[in-house]
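Analysis of the macromolecular model
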Amino acid sequence: MKIIKALLSILIAAGLVYALSRSWGPVPALGPFISPYTGFWQNGESLPSDDTTLVELRLDSLQDEVSIRYDDIGVPHIFAKNNYDLYYAQGYVTARDRLWQMDLQTRAAAGRLSEVLGPATLEMDRRNRRLGLGYGAEANLKVILSHPQSREAMLAYTAGVNEYIRQLDPKDYPVEFKLLGYAPEPWAPIKCMLMLEQMTQTLAGGADDLRMTNILKTYGQSEVEDLFPNYPMFQESPIIPEGTPWDFKPLPLPAAPKPDAPTDTTIIVDKSLISEPPVEGLGSNNWVIGADKSITGYPILANDPHLELTLPSIWYQVQLTGPDVNVYGVSLPGIPSVIIGFNKNVAWGVTNVDADVMDLYEVKFKDTTRAAYWHDNQWKTTRKRVEVIGVKGQADVREEVVYTHHGPVTFYKGEYHKGPTMAVKWIGHEPGNSFLTFHSLNRAANYDDYRQALTHYVGPAQNFVFADNSKNIAITVNGKFPLKWKQQGKFLLDGSNPAHDWKGWIPMEQNPYVKNPERGFVSSANQSSVDPSYPYYINWRQAPSERGVRINERLQAMNNATADSLRMLQNDNLNVLARNILPALLTHVKAVPLSPAQKAAVKVLEQWDYQNNPTSIAASIFEEWHPTLADAIWKDEFTSDTLFMRYPSRDRTLYMLLNQPDARWFDNVRTPAHETIQDVVVGSFKASMDTLTVHHGPMGTKWQWALVKDTEIRHLTRMLKPFNAEPIRNGGGGSIVNATSKHHGPSWRMVVELGPQPKAYGIYPGGQSGNPGSPYYLNLLDTWEKGELKELVYLQSPDQSHPRLTSKVVMKKN
Amino acid sequence: MEFLIILVVAAVAQLFLPWWVIALVPFLVCMWMSKNGWKAFFLSFAALCVVWAAFAWYLHDQTNGAMSDRISQIFFLPNGLALVGVAGLVGGLVAGFAGVAGYHLRSMFVRKNELVYRR
């Protein structure tokens, strides 16, 4: 009896300890997690009671003393005596605030999420392995480590991150590590490269070659030319102003082969593993007004990059001061230097170009060993790269990725889809030193330095806007662009035909740019880089023109502008699309009998000032209506159960609605009746009214745009809801200058007044700390939501006194 | 007496040793000095419940629930304070069962009245 009691009680106690020591599926080991000694309790932080704390850190591998001043919003201002220490300290403080984010984002790029998250992310890992992000990162790392300045920055930053990790006890790990049950691993320079690859994937990692190929096969050449033109037909306001002379002798373009796409292309059914073209909302605005338009007599520059809004914030503010640099701006956690910012003499910003730098090639293997593929009338050997994907709780998955001279094979015939075997040619694999562009811009003193800095850049291609204290303003559509025949890569390419290969590059100095244009400002909003007079092909489609049109019309009219004028433009809510099309749509709607509710809605729309303001009901109706209208026009012809296609652009749709009322596309081919433009417009109007009513009740205050849009800022895991921000209530929209949509928006807003002493303002939706238990996790959100900016504290010396400075950290050599 | 010894030793030991020391300490202490199973359970439970709940409450209070209020939502609890209770309960249960196990292990080798004589 005693034995039974003893054994039983020991079993219960041991079982309880065991059960609480291991993770159960997504549930972390609860014992250490709930323990106040090691668990999440340890991650709560409060504001320091004493604002003037001084912390002294003794660190290995520093060369000299480093001072870090923190300001009241948690931005570190780093003062180092040499560049090694500068980037060492940047690595250290960034890791202190963002370690888990750095780990997760580089894991995602490396295809290593399943190691810590289990089989749920296996497909995503497999896709990134096949796309060769690791391969591209390695190719770039070789170049970066062969250059003394970039090598120093990478190694120093890595040492700084690792010094921080080394000091951590498990109780100090960021809470996400505790929740997901893994420990931080050492940083390495390859991870900095993986971060760059991840940005390249986000901004230049989509292609609609397959959709276009299916459309070509279904509708033929002339319909494709008509519906998918290479330049907007209705409206455009290109980044490089129309009429800007091209002051160079262009290289001859490669001859377009006939046919320029494989003729026997099979139809692709499934969209798994296929990279989607970028969604609207992944874009950005930047502009600079010249001295003549500003009240300060110096240029004023503005930039707001639009990305998926996540927590921890995408960007990390930092000031970096060293022997040859004093720069302030935002960095990407995981990459040394400042990406968007200003120094005493210059300011710069970026928006995405979305050039056609990802092409798919149909390849044919000799046999099932995949050892050889057909190219230029001969069998050529492939190279193989074995990728081992670790999966938590399961055996490793081995993936042999086959490389052709185009790039890795990402799709196999018969696997996932019924299309051909395809390899991808992608700018993300092109070795280069894009990092050096930012390293140099951080130190730039004038226009020539800016132009020189850009020459190092490969991708993802960006519109680099620039201003300096000599009152120069400029914008360069910058990146390494393949030299292509016109619309090469709009459709699937033939991987066996050497005429289909990329044929060299557009010379860097011939990339589109403009300096000090007559109109007194430059701007970009991801729209067409150039008008059709530019001799080279960049892409057949870029972002819709509305934001660019609005920015340019407001800048044109702007005089005596201040930083606040530009801030207000960043928050501009005018709906250009509605201004273009709504009157015409309403004419159709008013020509038919309507219910009282529909009549009321028409009235609201007629009285609308086209502002997507937070309280606007008209904005909600229109924003529901126009995508419904696009569906009503195109869905019958450009979607199907077996074909994978896309709609014609919004610009083309507008052109048709306004100028081609009898186009055959208005008819719904899935019904026996013949629908007219009026049927389609009225039908979509009624349908969108029904949708709004179903989701938000009858028309009333619940239809206010901020509530309908319901912008959400989610934690990077997307599943830890308590780490999300409170619901956002602001205006804007996908095609609006204030580009806040459901999950995307201005991830950083900056305005810089140049001058003898630069004055700058900035904000992002979140905070400096990645710790959901920190007072600096969401401290900037309210200011961002209101559309306001905070003045950025730009220090000149480590001992400068400033009312907004709080604690100080001194790092000393051990 | 057991209560105090468990409380102090476990509170300190957790600074250096893994979390499961909250089972080891009551196990050993109860093996050494407990008089009956119920007492072993109750005193061990109370000691660790106090240690975990008090420390958790302190951290919760210091940070105004900055982390604990968020985590409480993951566990479908109303706030961080409820989570303080959960921490006390979990710590207490682990310690309580470990204490009982310690007592029974010893009583397997010792006659009941021997335990009484030690009083």
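Residues numbered from 1 in each chain as written. Chains lettered and ligands numbered in written order. Predicted model: local features only at pLDDT ≥ 70, side-chain atom pairs only at ≥ 80, totals over all residues. Heavy atoms only, no water.

**Observations concerning the sheet that holds strand 8 (residues 325-331) of chain A**
All names here are of chain A.
- With mixed pairing, the 11 strands of this open sheet are ordered in space as 1-28-2-3-7-8-9-10-18-19-21. The sheet is open, and its two edges are formed by strand 1 (54-59) and strand 21 (513-515), each paired on a single side. On average, each strand axis in the sheet is inclined to that of its neighbour by 20°, with strand direction left out of account.
- Note: strand 9 (residues 340-342) against strand 10 (residues 346-352), two bridges, orientation antiparallel. (Pairing = 2+ DSSP bridges. Helix = DSSP H or I, 4+ residues; strand = E, 2+ residues; numbered from the N terminus. Axes fitted to C-alpha atoms, helices over the stretch in contact; angles between N-to-C directions.)

**Some details on a nonpolar patch on the surface**
- Residues L4, V8, V12, L15, F16 and L17 of chain B make up a contiguous nonpolar surface patch of roughly 620 Å² in combined accessible area.
- Mapped onto the elements, L4 of chain B comes out in helix 1 (residues 2-13). (Patch = residues over 30% accessible without salt bridge, like charges linked within 9 Å, V, L, I, M, F, W, Y side chains within 5 Å. Areas by Shrake-Rupley, 256 points an atom, 1.4 Å probe, with all protein chains shown as cover. Salt bridge = Lys/Arg side-chain N within 4 Å of Asp/Glu carboxyl O.)

**A word on the environment of I728 of chain A**
Residues and elements named next belong to chain A.
- Along the chain, I728 turns up in the loop between strand 23 (714-715) and strand 24 (744-746).
- Residue classification places I728 among the buried residues on the basis of a relative accessible area of 0%.
- For the pair I728 and S61, spaced 667 residues apart in the sequence, the C-alpha separation amounts to 44 Å. (Buried < 20%, exposed > 50% of the residue type's maximum accessible area, 1.4 Å probe, protein only.)

**Thoughts on the confidence of the model for chain B**
- Here chain B shows a mean pLDDT of 88. Residues at 70 or above account for 92%.
- Per-residue pLDDT, averaged within each element of chain B, yields its smallest value for helix 6 (residues 112-117) of chain B (50) and its largest for helix 4 (residues 68-74) of chain B (93). (pLDDT = per-residue confidence, 0-100.)

**Looking at the packing of helix 6 (residues 133-145) of chain A against helix 9 (residues 189-204) of chain A**
Residues and elements named next belong to chain A.
- Contact pair helix 6 / helix 9: the axes reach a minimum separation of 8 Å and the direction vectors enclose 125°. Judged on the interaxial angle alone, helix 9 and helix 6 are oblique. Once helix 6 is placed against helix 9, the crossing between them reads as right-handed. For the pair helix 6 and helix 9, contact is made by L133, G134, G136, A137, E138, N140, L141 and I144 and by P189, I190, M193, L194, E197, Q198 and Q201, respectively. (Parallel < 35°, antiparallel > 145°, perpendicular 65-115°, else oblique. Left-handed = near helix turned anticlockwise from the far one by under 90°. Contact = heavy atoms within 4.5 Å.)

**Here we look at the side chain of R70 of chain B**
- By the element assignment, R70 of chain B lies in helix 4.
- For R70 of chain B, which is buried and forms no salt bridge, the nearest opposite charge comes from E726 of chain A, at a distance of 6.5 Å.
- In this structure, R70 of chain B is in contact with P722, F723, N724, P772, Y777 and L778 of chain A together with G65 of chain B, ignoring residues within four places of it in sequence. (Lys, Arg positive; Asp, Glu negative; His and termini not counted.)

**Quick word on the pattern of salt bridges**
All names here are of chain A.
- This structure, assessed with the given rule, holds 38 salt bridges over all chains.
- Residue D208 pairs with R646 through a salt bridge whose shortest N-O separation is 2.8 Å. You can see D208 sitting in the loop between helix 9 and helix 10 (209-219) and its partner R646 sitting in the loop between helix 18 (617-638) and helix 19 (650-659), a full 438 residues away along the chain.
- On the accessibility criterion, D208 (2% relative accessible area) is buried.

**Here's the deal with unusual backbone geometry**
Residue and element names in this part refer to chain A.
- Each neighbour pair has its own omega, and for L311 with P312 the value is -5°, a cis peptide bond.
- Inspection of the secondary structure puts P312 in the loop between strand 6 (310-311) and strand 7 (316-322).
- Looking along the chain, the bond that leaves G459 and enters P460 is cis, with omega of -5°.
- Inspection of the secondary structure assignment puts P460 in the loop between helix 13 (447-454) and strand 18 (462-468).
- Unlike most non-glycine residues, R370 shows phi in positive territory, near 60°.

**Let's talk about the pairing of strand 5 (residues 300-308) of chain A**
All names here are of chain A.
- Summarising burial for strand 5: eight of the nine residues are buried, a large majority.
- Here strand 5 pairs with strand 25 (residues 749-753) via four bridges, running antiparallel. Note on strand 25: the bridge partner recorded for N303 is M750.
- By the bridge criterion, three bridges tie strand 5 to strand 24 in an arrangement that is antiparallel. By the bridge assignment for strand 24, H306 is matched with P746.

**A few points about the interface of chain B and chain A**
- Taken together, the 42 residues of chain B in the interface contact 38 residues of chain A.
- On the surface where chain B and chain A come into contact, there are zero salt bridges.
- The tally of links from chain B across to chain A stands at four residue pairs in polar contact (both at pLDDT 80 or more).
- Breaking the side of chain B that touches chain A down by element, the ones donating at least two residues are helix 2 (21-33), helix 3 (37-62), helix 4 and helix 5 (80-109) of chain B. (Polar contact = N/O pair within 3.5 Å; in protein donor to acceptor, adjacent residues only side chain to side chain.)

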